[in-house]
Each structure stands twice: as structure tokens, then as C-alpha cells.
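Here is how the chains run, residue by residue.
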Amino acid sequence: MSGALTTTDAAAGLLAAATSTGEAVQFYALGAVAVAGALGTVALRRAVHSALCLAATMVVLAVFYLANGAYFLGVVQIVVYTGAVMMLFLFVLMLVGVSTADSLKETLKGQRWLAAACALGLGILLVGGIGQAALGTFTGMGAANAQYGGNVPGIAERLFTEYVVAFEVTGALLTIAAVGATLLTHRERIEKATSQREQAEERVRAGRHLPPLPAPGVYARHNAVDRPGLLPDGTPSELTVSDTLQRRGQVREVASKELAEVAATEKRTADYHGRGQEERP
Amino acid sequence: MESLIGLLVAAPLLGAAVLLCGGRRLDRAGHWLGTALAAVSFALGAVLFFDMLGRSGGERTLHQHLFSWIPVEGFQADVAFRLDQLSMTFVLLITGVGTLIHLYSVGYMEHDARRRRFFGYLNLFLAAMLLLVLADNYLLLYVGWEGVGLASFLLIGFWQHKPSAAAAAKKAFLVNRVGDAGLAIAIFLMFTTFGTFAFGEVLAAADGAGEGTLTAIGLMLLLAACGKSAQVPLQSWLGDAMEGPTPVSALIHAATMVTAGVYLITRSGAIYDAAPNAQTVVVIVGAVTLLFGAIVGCAKDDIKKALAASTMSQIGYMVLAAGLGPIGYAFAIMHLVTHGFFKAGLFLGAGSVMHGMNDEVNMRKYGGLRRHMPITFVTFGLGYLAIIGFPGLSGFFSKDLIIEAAFSAGGVRGWVLGGATLLGAALTAYYMTRVMLLTFFGEERWRHRPTATPAEPDVEPAAGRGAAAPGRASGQTAGQAAGAAAEPHPHESPRVMTLPMIVLAFGSVFAGGLFNWGEAFVHWLEPVTRFEHPHPPLPIPVITGATVAVMLLGVGLAWLQYGRRPVPVTAPRGSLLTRAARRDLFQDDFNHAAFVSGGQHLTRSLVYLDHTVVDGAVNGTAAAFGGLSGRLRKVQNGFARSYAVSMFGGAAVLVAATLLMRAV
Amino acid sequence: MNPANYLYLAALLFTIGAFGVLIRRNAIVVFMCIELMLNAANLTLVAFSRMHGNLDGQIMAFFVMVVAAAEVVVGLAIIVMLYRSRHSASVDDASLMKL
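Just so we're clear, the structure is a prediction, and the values are computed from it rather than from any experiment.

## Structural notes on the overall build of chain A
Scanning chain A from terminus to terminus reveals eleven helices and zero strands. The order of α-helices and β-strands along chain A, N terminus first, is α-α-α-α-α-α-α-α-α-α-α. Per-residue burial over chain A gives 31% buried out of 281 residues. Contacts in chain A between residues at least 24 apart in sequence constitute 55% of all its contacts with a sequence separation of at least 6. Total accessible area on chain A stands at roughly 17600 Å², and carbon and sulfur atoms take up 64% of it.

Quick look at the structure:
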């Protein structure tokens, strides 16, 4: 380790030993942000918003770690939590459906009141307990960090000597977790995937829809994929809309007004050509 | 020769096993197999009999030890047989009459789909009965005793589709159970007193035991005899047992099984000789039953039930004689054998009559059958003459000897017993003449049948008459319905049925005389039963004359009542005694009032107790927990968030507790 | 500034997180609230570390982070599985065990 780093560490250790007015300002300002983030996590209807609020809280906490002389943890908090873990959350949110907003209406009778009572009770108890405790002042991290020449070397020294068994076990835990997650999300394919050629041959053998399916949204005004195309007689054809949308129930109905317009256009065309009623399709 | 004894039992047992396990493929020939094995048993018995005759009196008893059944220190039960003159007499009676009845059943059961099974049961009965009389100890006797009970149950309920038959079988089984319990207790007492069950050792040691113990054993044995031999107070099952097929009634409920009680008392003679009080009770039971049965027999219109009452009465004679001690044992057995002949013959005759009359059993609907069934008439008539004690026929000798022995009992007792037996003889003559006249003489009442038959007096609709009453009623109505459907065409039964009747008629006529020829039978049995000459207070010719006189009186009375005047098809109301006798002198009512209703009340109150207290406690606990869990269940609503609230609340409580502990 | 202020803040954050766990139905948001609670605990550890001048508290916080990361990985995998099979990420929908 370089000497410069060591001196800054020592200064920081000294700084962590006492609380300055600056730290108090920082605490109150960022503490408010942290609480607001936490409340937002709990109260916002969209999970993505919750995740962002949580990320904000975590960043604030990272700053608090740094202020408390835990440089290593502060950085790890940023990298691991706001970086990796929150990204994981967001990935899963994407998988599950990012746009859906949760209903905050309580379905379990009395759950909200019970939860509020418990939370309030616990909060009062914790605050009361902390208030009762004889805490004294900060000793500061200076001596502890200086012993091994800095916060990171200090943590490394403890981690690889005193806590090495726990460290190894945690490593094993992480490996197992990774393997477990892979196993859980893995889906075994139990039959051979049909190739495109086989699908085509199958279609020919069945004798249905050899040409491509008809296109949707003949009279669409905007995103037309979910709007069925109309047959010559004006009725909507289910063939034109993607199977997936049909299954999801996301097919838009063609309004009767539009159908009437189609019929009127047909009539005008027929009149223009002077065809009789019986000749019309 | 000893080795043949086991075969006596084994032959019918083999028949039963083959017939009952063999399945349908034996349906066509199974009855002949059963009959043949019964005949084999009889042949073996005959061989052993002649062998026994060839030896002198002291060496006549044979023993066969098959194997040690329960060899335990201090408890030695053997499967061993003892063939002495007493057993021999029974073996010949059982196998002889048994074979004849097997033969008869071939014809009687011809149209029954379950004939093979019937013969299997009959063979089972023969095996059990032979085991009973051949056993060398009381425990093995008990096995046979239960075996005949089982066979009797199966055969009474053979037509199990009739509820009446099923109920009758159940009744017989239950009543017998009371007696069987007596036998079991007697065996227990013997074992504790003598330390053994073997006849030889028990009877030899009988003198040495205390009189109280012997009286108890004697009374318990008497209870057993009462159950099996339908003596008062366990007599009620025999009448209902007539629901079984008639060959069964002839073999089991007339000739053999019901006499097992007499065998038991005679076999245990040494015990009774040393316990005069028990002997007195035996005599009282015999006398009461002989009159009881005779009175009931006078009123019954059902031919089989009349004969069953007569059986009860005749066995009463035997029990009475057996209760008289050495002067009566031989006479009891002699009457037993002659009775076996004539009563079996009478039952077979009754079966033959029913066979020709569409299974009608009401004698008031018979009449004038002698012209239609000559062989049945003659054989039945000979049996009739034998049972009423017509001079020269079997019953005359055997019954007259019992009456003499009864008079010889000494003092007032002798006069009372003698009077009772004489009265019984008169009643026997009366009711048998009634049966005879109603069945074979008079106008042919079956021809002019009224279309609607009123209910028989025998079947008074009484709600509380015990288990068998409703069943019996339905059985009768079923019989009436069948009888009303077509006018019967009385006809003589086939040869296979008449042949046994003829043979038995010969026995009825000659057996008594043969046995009494120079007191041959008495001397034959004397080594086993001992014998003392009776010394009646009156000269023997006087007693014989009186017997014949009361017999003629009974016949005359019956003739006055049923011979001279036309017999109404519907029974008249009759006197109080008649109505009581029709209801078996209220025996079922008595049993019902004394035991059944009390038991029912007890069980009902126990059921009530069970429902309210026991079940109440159990169900109450269950309901309490059920209600509690029903409320607690709502906590378990399946929502993880609810559980989380509980957990969170718990955590808060823990924090509070920790802080509180710190503060204190 | 009173050092206890960090602890009060942590208690507040922890309580808010717990409340969120109890009232939110979206499993992912519930998970986020759990992360919030873990972070609140970490804050106390760091504050105590500074109070005592001892690195052990920070190391504890480090382990908490690692374990939390592992937990997130597995937990999110479970949520994805749940979503695949039930087409919902609501914790109330996974109530099959109820009577």
C-alpha cells in the first residue's frame, strides 16, 4: 500500500472518531432521503418505482457507510447492492411484466391494521430500547484501520485469518445459490425441437393455410397488430391476429361504426360500377 | 380290534370333509358317498359288537389311545377312545339309525339343490356324535358335545332362506350354549377336584370327593344334559328345531343327539350315586319334563311339534330313570334305544306324510291318509303302538320297567314318581292316539279346504314371544300359501324312504321284547352301569296292569274326542290349559320375561349409558377440540402475509420481553 | 451529533421494511423490503463498528451482504418459477396450503 493512501485513511479514521456539524447536516439531509426512499419502496404501486426508490436508499446508506469509516463496505454497497442486486431485481421485473401496477387495496381482512400496529409497536420498542441504551460516543475507526494500514487491508486481514472459515462457507453458499438458481429457472426440453422444415411439411400434410396468414389491421389507425383484418363481407377474421395476442385476450374489437363504414364503401363502389344487388359479393 | 374304534369316527368325518370341501362335482353322487360312509361306520360297529360278544364281561371294555392332545405337566388331555357296552349300544344306535336316515334322506332331499351339503352335515353330525359317546374323557366328550351342537345348528337352519329356520337354529344354539357352559364348568370342577378328566379315574375317585363338590358337578352336568336333551328349564328350543328337514328331526332331535344328556348322566353315574341331592334334582327334572312334554304334545296341531313334545316327554322318562341310580340306568338306556327306533320311525313317517301332502304340517288338514299311504300308515302305526306301550311292543317293555323303577324309589317319593310316570303313560297314549287319528283316520279334510285359512292357534300373534315367534309365524304362512296353491295328492313315498321306515318299524316292534328276553339288555350293560333289581311296593303284575289300563284310558279318551266326532279344520279355542299348551306352556314367554327382556333392558340401559356418558365424554372432548380448532383454523388461512404478521408480532413481543428483562 | 441517530434511522428503516413485507402482495416488492431491512441492520453494524472502534462489525455487515446476495439469487429464481407456473407474482396466490 502506498503511503498517501495510508495518510488519508488515518485522516478519515480521525474524522470518523468525532461527529462534526457537517456530518450532522449530511445525516439529516440524506437520512430524510433514505426514509423517503424506504417509504416510496413500500408505498409506490409500480414495482419499478419501488426498485428505484430502494436503490436511492441504498446509495444513501453507502454514503453513510463511508461517513462511518467503512470505506470498503461503502463501495461494496454501491457495487453489489445498487449495482448487482438491484439490477437483478429489475431483470426479474422485466421478466414478470414491468408495466403492471400493483393494486394496493388490501384483500386480507385486518391485515393492514395488524401490520401497522405491529410495525408501530416494534418501532416504539426499538426507539425506546435505543434511547435506554448507554451508548457513549464514537471511538472512531482510526486505530482499528491503522493497525493493518488502512480499512481495506484491515478487513482483508480479519477476513482471511479470523473469519476465513466463515468466508469459505459463504463462498460455498454463493456457489450453491448460483447453481440452485440455474437449476430452478432451467427448463428441460423433453422432446426434440421441430425444425422449420418439419413444420412446413406438417402444414402441407394437414392441408391448411399453405400461404402466409392474412395480415391484420386493414383499417387500423395506429398499432394495428392487435386489430383483426376484415373479410370481404365485413366480418373480422381471427386468422389475422397473432395467436399469442388472442390467447392473452389482447385483441381489439373492430367497432361496429367501422364495419358500417366498410359496408357503405362497398355500397358506393357497387353503385359507381352500377352493379345490381344480386351481383354484389 | 382297538384300532377299529378310531375308524368309526373317521369314516363319517372323512365323508363330511369330502362332501363339504369337494364342491359341486360331488353333487350327483355325494349323497350316496355320505350314506356309504355311514354304512361303513355301522359295519365297523357291528364287527366290534360281535367281537365284544365274543369276550367275557370283564374284558369287554376296549381302549384306544390315539395321541396326547394337550400334554402339559399336571394337565393331561388325550384323544383316547373307550368302547364299552354303553358306548357300544350308542354306536350301534347312532350308526344304525343314522344309516337308515341317510338312506331316507336320499329320497326326502331329492329335490333340494343343496343335498350334498346336507349329507355333509349329517356325516359331520355322525362323527361328532360318535366322538361324544366314544370319548374316554370328559374333555374329548366336550368336543363331540360341541360338534353335535354345531351340526344341529347347521341342520336346523339348513333351509336358511326361511327366517323361521334361521331363528330356530339360532335359538337352539343359544339355549344349548347355556347347557354347554354347565358342562364346561363341570369339567373345570372335575379337574380341580380330581386333577383329571378321564372317565375311569374320575368315576373311580368320585367316592372320595366331598359331597358338596359332587353335588355341584352333578348339577352342572344336569344343566348340560338339560340343554342338550331339551329338559325343563332348557326345553324351549326343541319345538322350534322342527324347522329343520324331517330326517334331521328324526336323527338328531329324536333318536340320538337329544339323548346325549341321558348318556352323560348314565356315564357319570358314580358321581350321582355319591351326590343324592343332585340325583333328586335329576329325578325332578325328568318327572317335570315328562309331564310338560306330554301336556304340550296333547295340544299341538303341527305333527312334527307334537312328536317333538313327545320326544321331550320320553327323554323325561329316561332322565327320571337315570336319576334313580343303579336301578334305573339300564332301563333309561333301554328306553333310549327303543325310543330311538320308534321315534325315528314316527318322524320318518311324519316326513313321509309331509312329503305326500305338499309339506303341510297341520294335522287338522290331514285325515284319512291310511288309504293313500299304506306303508307309511303301517310303519307309523307300529311306532305308535310301540310308543304308547302296547303290550308286546318295544315301548311296553322299556316304559313299564321305568315305571316299576319309579315306584321302587321308595316311600312317598316312589309313589309320586310312579304316579307321574303313570300319568305320563296315559298322556302319551292320548296324544299319540290323537296324532294317529288326526292323520290317518277320519274324513279327508284336505279335500274340502276352505279357500281362506284362518290363522292357526299355534301362531297367536303375540309381540313379546321371543325370538322365534315371528319367524315361526312367517314360516307357517308360507306353508299355508304353498298348501292353498294346490290341493295335495297324497301318495306313498318312494322305496328309498319307505325301506328305512320298515326297518325301524321292525325295531319298534321287536327291540323291546328282545332286550327283555331274560333281562339280556340289563345284563349286557351291568358291568358299566351296575344294576339293582327294583323292588316296587306293589306287585309287578299290578303295575303292569295299571300301565296298560291307563294306556287304554288315554287311547279311549282320544278316540272319544277325535275318533267319534269330525275334527274341525280350524282349531277350537279350547280350554285354558289347551291354549297354554299350544303356547308350549308359556316357556318362551317365561324365557322372554325372565331373561330376554331383562337382558334387553340391561343392554338398552348400557347402550344409553354408552351413548350418553362414554360417547358423550369422547364426543364432547372431540367437539370441544373441533370447535376450538374451527376457530384456530381461521388463523391458518394459507396467506403467507398473515403468517408473517404473526411472526412479526412475535418478534415484537420478544423484543419487548428482552427490554423488559433489561429494565427490571 | 448523537451517535444513536444512526441507530434511530436504522430502526426506522427496518420498521418501514417490515411493514412493507406485511402489506405488499407483489413478491418482488416484498423481496425489496426484505433487502431494506437487511440494509438497516447493516447500518447498525457499521455504526456500532465505529462506536467501538472495531472492524468486526464491518465484517459482519460484509457477510450479511454476501448472504443477502445469495438469498436474492435463489429468491428471485423462485419468484420466476412461481410466475411461470401461476402467471402471477402475488404472494397471496401461493396459498394452496389453506383448507
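## Some details on the packing of helix α11 (residues 260–267) of chain B against helix α15 (residues 329–356) of chain B
All names here are of chain B. Direction vectors running N to C along α11 and α15 enclose 160 degrees, while the axes themselves pass 10 Å from each other. Taken as axis vectors, α11 and α15 run roughly antiparallel relative to one another. Crossing of α11 against α15: the hand is left-handed. Listed contacts from α15 to V262, I265 and T266 of α11 are Y329, A332, I333 and L336. When its residues are assigned to classes, the contact of α11 with α15 shows six nonpolar, one polar and no charged.

## Section: the interface of chain B and chain C
Each side of the interface is counted separately: chain B has eight residues, and chain C has twelve residues. Between chain B and chain C lies a buried interface of about 970 Å² when both sides are counted; carbon and sulfur atoms form 65% of it. The largest share of the area that chain B buries against chain C comes from F639(B), R641(B) and F648(B), three residues that together contribute 59% of it. Between the two partners, chain B and chain C, sit one salt bridge. For D92(C), the salt bridge goes to R641(B), with nearest N and O atoms at 2.7 Å.

## So, helix α11 (residues 256–273) of chain A
All names here are of chain A. Given a rise of 1.5 Å per residue, 18 residues ought to cover 26 Å, and the 26 Å separating the end C-alpha atoms of α11 matches this to within 8%. Among the residues of α11, E258, V262 and A270 are the ones counted as buried. Burial along α11 is one-sided: seen end-on, the buried residues are contained in an arc of 120 degrees. When the buried face of α11 is taken as reference, the exposed residues oriented beyond 90 degrees from it are S256, K257, R268 and Y272. G274 lies just past α11 and shows a positive phi near 70 degrees.

## Some words on the confidence of the model for chain C
Put simply, chain C has an average pLDDT of 88, and 94% of its residues get 70 or more. On the interface metric, ipTM, the complex scores 0.92, and its pTM is 0.61.

## Digging into the pairing of strand β2 (residues 75–83) of chain B
All names here are of chain B. Most of β2 is tucked away, with seven of its nine residues classed as buried. As paired elements, strand β1 (residues 62–72) and β2 share nine bridges and run antiparallel to each other. Counted as the bridge partner of V72 is F75 from β2. A loop of two residues connects β1 with β2, the two strands running antiparallel in sequence, and G74 in this loop sits at a positive phi of about 85 degrees.

Criteria and thresholds
- Counting starts from 1 at the beginning of each chain's written sequence and moves along it residue by residue.
- Lettering of chains starts at A and numbering of ligands starts at 1, both following the order in which they are written.
- Totals for whole chains, interfaces and linings use all residues, but because this is a predicted model, local features are given only for residues with pLDDT of at least 70 and pairs of side-chain atoms are given and counted only at 80 or more.
- Side-chain metrics in this entry use all non-hydrogen atoms of the structure; hydrogen atoms and water are not considered.
- Secondary structure elements are taken from DSSP: a helix is a run of H or I of four residues or more, a strand is a run of E of two residues or more, and numbering for both begins at the N terminus.
- Per-residue accessibility, obtained with a 1.4 Å probe over protein chains only, is compared with the maximum for each type, and a residue is labelled buried under 20%, exposed over 50%, and partly exposed between these values.
- The contact rule is simple, with two residues in contact once any of their heavy atoms fall within 4.5 Å.
- Method for areas: the Shrake-Rupley scheme with a 1.4 Å probe, in which residue coverage is limited to the protein chains shown.
- Lines are fitted to the C-alpha atoms to define the axes, a helix being fitted only along its stretch in contact, and any angle between axes, read from their N-to-C directions, falls within 0 to 180 degrees.
- What sets the label is the angle itself: under 35 degrees gives roughly parallel, over 145 gives roughly antiparallel, 65 to 115 gives roughly perpendicular, and the rest give oblique.
- Two helices cross in a left-handed way if the nearer one is turned anticlockwise from the farther one by less than a right angle. They cross in a right-handed way if the turn is clockwise.
- Polarity classes work like this: nonpolar for Ala, Val, Leu, Ile, Met, Phe, Trp, Tyr, Cys and Pro, charged for Asp, Glu, Lys and Arg, and polar for all others, with Gly in that last group.
- Buried surface area refers to the total accessible area, computed with a probe of radius 1.4 Å, that the two partners give up upon joining, counted for both partners together.
- The term salt bridge refers to a side-chain nitrogen of Lys or Arg lying within 4 Å of a carboxyl oxygen of Asp or Glu.
- The span one expects for a helix is its residue count, reduced by one, times 1.5 Å.
- This arc corresponds to the set of directions leading from the helix axis out to the C-beta atoms.
- You can read pLDDT as the predictor saying how much it trusts each residue, on a scale of 0 to 100.
- Pairing between two strands is assigned when DSSP locates at least 2 bridges connecting them.

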